[in-house]
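# Analysis of the macromolecular model
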Amino acid sequence: MWLVVLALLGLVPQPVHPDSKSSSRIVVAGRSVQVELACQALSLLESVPLDRNGDRWLTDEELGAARAAVGEYVLGRYTLSASAAPFEPLRGELRELTLVDVAPGAFGEQRVVCTLAFEARTELERLAVRVELFHENNPLHRDVATLVWNDEPPTGFLFGEGALVWEFEPLAERRVSTLASYVRLGVEHIAGGWDHLAFLLGLLVAAKGLRSLVIVVTSFTLSHSLTLAAASLGWVEVPGRLVELAIALSIAYVGAEALLVRRPASRGFEAFGFGLIHGLGFAGFLGESLLAEPLKFEALLGFNLGVELGQLAAVLCAALLLRFVPGDRSFEGDPRGWFAPRWLRWSGAGLALLTGLYWFLERAGWLPWA
C-alpha cells in the first residue's frame, strides 16, 4: 500500500509499462536481409536515454538526436546469423528511423519504426534470428515476427516467454521436418482417440480371420484417407457436431452387428463406409493446424501416415493378444471360423455397443450431467 502511494508521489521509480510488445518483418533476398521493426516508443524510452524533458513522449528532434544510440541498442539486441550454431551475427546498419503517432491525443500511443539492413558474405541457405529487445527492463516483452524468404510464403514466429532464438529453415529444408512432426501428431492423435480405437476393436472382434482383418483395416484406411484430405483442404464441409454423433453411432453399430451376426463374414464394406465418417473426424482435428502451414501436402501426408502407423500398431498388438486368448473360435466344425474366441467376441462387441451409445447420448447433450 505504501509503495503504491510513494510511487504515485514520484518518490520511488515507477515500474515499466505493461504489455510491452513489438512487431518485425524480415525479408530475405539472396544474401541481403531487411528488417522493419515497429516498437512502442515507451519500450524504447525505458531502454535508451531519449526523453530529454522527462514527459515520456518523444519528439522527432529527440529521436533524431539519439539516432546513433538507438541504432547501437537495436542492432545489439536484434541479431541475425547464417546458422544457429555457431551464432555469428551478420553485419547490420540502421537505415531509417521514424516516429509514428498511432492515436494522437491524451491517450495516444507512439511507435518507433526502425529499418535495418544486414548483409551476409554468401547467399543465405538458412537464418537464425535472436531477439532480446527490452528484456533488461521487461522480460515479458514479445515480438511478433514475420519472415519472407525470397519468394516463399510468409512464416510467423512469436519471440518472448523464453523463446528468444528462431532457427528458420526454408521450405525445401523444412519438408522432412514438417513431415516428421505431422507423423508424430498423427500417432499421438490415434493414441488418444478412444472413439477410433473403440471402432477398430468392434471390427476386430467380429473379423472372420487374419485375411478378413487385413481387408477391414485396408478398407478403413483408404476411406478415411479420402475424407481426411478432402475436408482438411476445405473441399468438403460437414458440421463437427454431426460428425462426432455419427462416429459414436458407428461404434454402436459395429458392436450391435457383432452381437447379432452368427456367421463369420468380411466387414470390408462397413469399414469403408464408416471410414469416410471417421476421416471427417480426423480432419476436424487437423484443419486448424493447416491454416497457417505453407507445406500443406507434407503436413497432410505426414498426419495420415501417423494415423495409419498408430492404427496399425494398435491392431497388430490387439491381434497378437487375441491369438493367445483361449476360447472357442469354431463355426460349423471349422476351428478357425472366428478370429476372436466367442466369449471375448460377445463381451468386446457389447462393450463397443454400450460405449458408442453412451458417447452418442453425451455428445447429443441428452445425459443429465452432460
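Here the structure is a predicted model, which is why all the values come from computation and not from measurement.

A separate point is the overall build of the protein. Secondary structure assignment for the protein yields 11 helices and 9 strands. Burial analysis of the protein (370 residues in total) assigns 44% to the buried set. In the protein, once contacts between residues fewer than 6 apart in sequence are set aside, the share between residues at least 24 apart is 67%. Looking at the protein as shown, the accessible area adds up to about 19800 Å², and 63% of this sits on carbon and sulfur atoms.

A few words on unusual backbone geometry. Residue proline 86 follows alanine 85 across a cis peptide bond; omega there is 0°. Checked against the element boundaries, proline 86 lands in the loop between β3 (78-81) and β4 (91-101). In this model, arginine 56 sits at a positive phi of 55°, which is unusual for a non-glycine residue. With respect to the helices and strands, arginine 56 occurs in the loop between α2 (41-45) and α3 (60-65). According to the relative accessible area criterion, arginine 56 is partly exposed, its value standing at 45%. Its identity is not glycine, yet asparagine 150 carries a phi of approximately 50°, on the positive side. Looking at the secondary structure, you find asparagine 150 in the loop between β7 (142-149) and β8 (155-159).

Reading across the sheet, the 3 strands line up as β3-β6-β9 and stay open at both edges, with antiparallel pairing between neighbours. Whereas interior strands pair on both sides, the edge strands pair on one side only; in this sheet they are β3 and β9 (165-168). Taken pair by pair, the neighbouring strands of this sheet meet at an average axis angle of 15°, ignoring direction. As paired strands, strand β6 (residues 127-131) and β9 are joined by 4 bridges and run antiparallel to one another. Within the sheet, the bridge partner assigned to arginine 130 lies in β9 and is valine 165.

For helix α11 (residues 342-364), which comprises 23 residues, the first-to-last C-alpha distance of 33 Å matches the rise-based estimate of 33 Å (1.5 Å per residue) to within 8%. Buried within α11 are the following residues: Leu344, Arg345, Gly348, Ala349, Gly350, Ala352, Gly356, Trp359, Phe360 and Ala364. Positive backbone phi, at 75°, marks glycine 365, one or two positions downstream of α11.

Before going further, it helps to examine the confidence of the model for the protein. Here the protein shows a mean pLDDT of 84. Residues at 70 or above account for 89%. No element of the protein has a lower mean pLDDT than helix α1 (residues 2-8), which averages 37, and none a higher one than β3, which averages 98. Every residue in residues 1-15 scores below 50 in pLDDT, and together they form 5 contacts with partners more than four places removed in sequence or on other chains.

Taking 1.5 Å per residue as the helical rise, helix α6 (residues 194-205) with its 12 residues ought to reach 16 Å, and the 16 Å between its terminal C-alpha atoms agrees with that figure. Burial analysis of α6 places 9 of its 12 residues in the buried class, which makes it a mostly covered element. For α6, the full list of buried residues reads Asp195, His196, Ala198, Phe199, Leu200, Gly202, Leu203, Leu204 and Val205.

Our next topic: the sheet that holds strand β5 (residues 110-119). One open sheet holds the 6 strands; their spatial order is β4-β5-β2-β1-β7-β8, and the pairing between them is mixed. Both outer strands of the open sheet, β4 and β8, are each paired with one neighbouring strand and no more. Looking at each pair of strands side by side, their axes are set apart by 15° on average, direction ignored. Summarising the sheet, strand β1 (residues 21-29) and strand β2 (residues 32-40) pair through 8 bridges and their orientation is antiparallel. Counted as the bridge partner of alanine 29 is serine 32 from β2. Helix α4 (residues 67-77) rests against β2, β4 and β5 of the sheet, and its axis sits at about 115° to β4.

What follows concerns a nonpolar patch on the surface. A cluster of nonpolar side chains, namely Leu233, Trp235, Val236, Val238 and Leu242, defines an oily patch on the protein surface of about 490 Å² accessible area. In this structure, tryptophan 235 sits in the loop between α7 (210-232) and α8 (240-260).

Burial of nonpolar side chains together is a common tendency in soluble globular proteins. Membership of the largest hydrophobic core comes to 40 residues, with the highest contact counts inside it found for Tyr78, Val112, Leu127 and Val129. When near neighbours in sequence (up to four residues on either side) are disregarded, valine 129 contacts Ile26, Tyr78, Thr79, Leu80, Leu147, Phe159, Leu164, Val165 and Trp166. Residues Leu204, Val243, Ile247 and Ala248 belong to the second largest nonpolar core, which totals 30 residues.

Tracing the backbone shows serine 223 in helix α7. What makes serine 223 buried here is its relative accessible area of 0%. Looking at serine 223, its side chain comes within polar contact range of the main-chain oxygen of phenylalanine 272, at 3.0 Å. Those residues in contact with serine 223 that sit more than four places away from it in its chain are Ala271, Phe272, Gly275 and Leu276.

A complete count under the given rule lists 9 salt bridges for this structure. Ionic pairing is found between arginine 126 and glutamate 169, a salt bridge with its closest N-O pair at 3.5 Å. Highlighted residues: arginine 126 in the loop between β5 and β6 and glutamate 169 in the loop between β9 and α5 (171-192), separated in sequence by 43 residues. Among the residues examined, arginine 126 registers a relative accessible area of 33% and is labelled partly exposed. Judged by relative accessible area, glutamate 169 falls into the partly exposed class, the value being 23%. Arginine 126 serves as the salt-bridge partner of glutamate 173, at 2.3 Å between the closest nitrogen and oxygen. Taken together, the residues glutamate 173 in helix α5 and arginine 126 in the loop between β5 and β6 connect sequence positions 47 residues apart. A network of salt bridges, in which partner residues are shared, links Arg126, Glu169 and Glu173.

Reading the values: rules and limits
- Residues numbered from 1 in each chain as written.
- Predicted model: local features only at pLDDT ≥ 70, side-chain atom pairs only at ≥ 80, totals over all residues.
- Heavy atoms only, no water.
- Helix = DSSP H or I, 4+ residues; strand = E, 2+ residues; numbered from the N terminus.
- Buried < 20%, exposed > 50% of the residue type's maximum accessible area, 1.4 Å probe, protein only.
- Contact = heavy atoms within 4.5 Å.
- Areas by Shrake-Rupley, 256 points an atom, 1.4 Å probe, with all protein chains shown as cover.
- Pairing = 2+ DSSP bridges.
- Axes fitted to C-alpha atoms, helices over the stretch in contact; angles between N-to-C directions.
- Expected span 1.5 Å × (residues − 1).
- pLDDT = per-residue confidence, 0-100.
- Patch = residues over 30% accessible without salt bridge, like charges linked within 9 Å, V, L, I, M, F, W, Y side chains within 5 Å.
- Salt bridge = Lys/Arg side-chain N within 4 Å of Asp/Glu carboxyl O.
- Core = buried A, V, L, I, M, F, W, Y, C linked by side-chain atoms within 4.5 Å.
- Polar contact = N/O pair within 3.5 Å; in protein donor to acceptor, adjacent residues only side chain to side chain.

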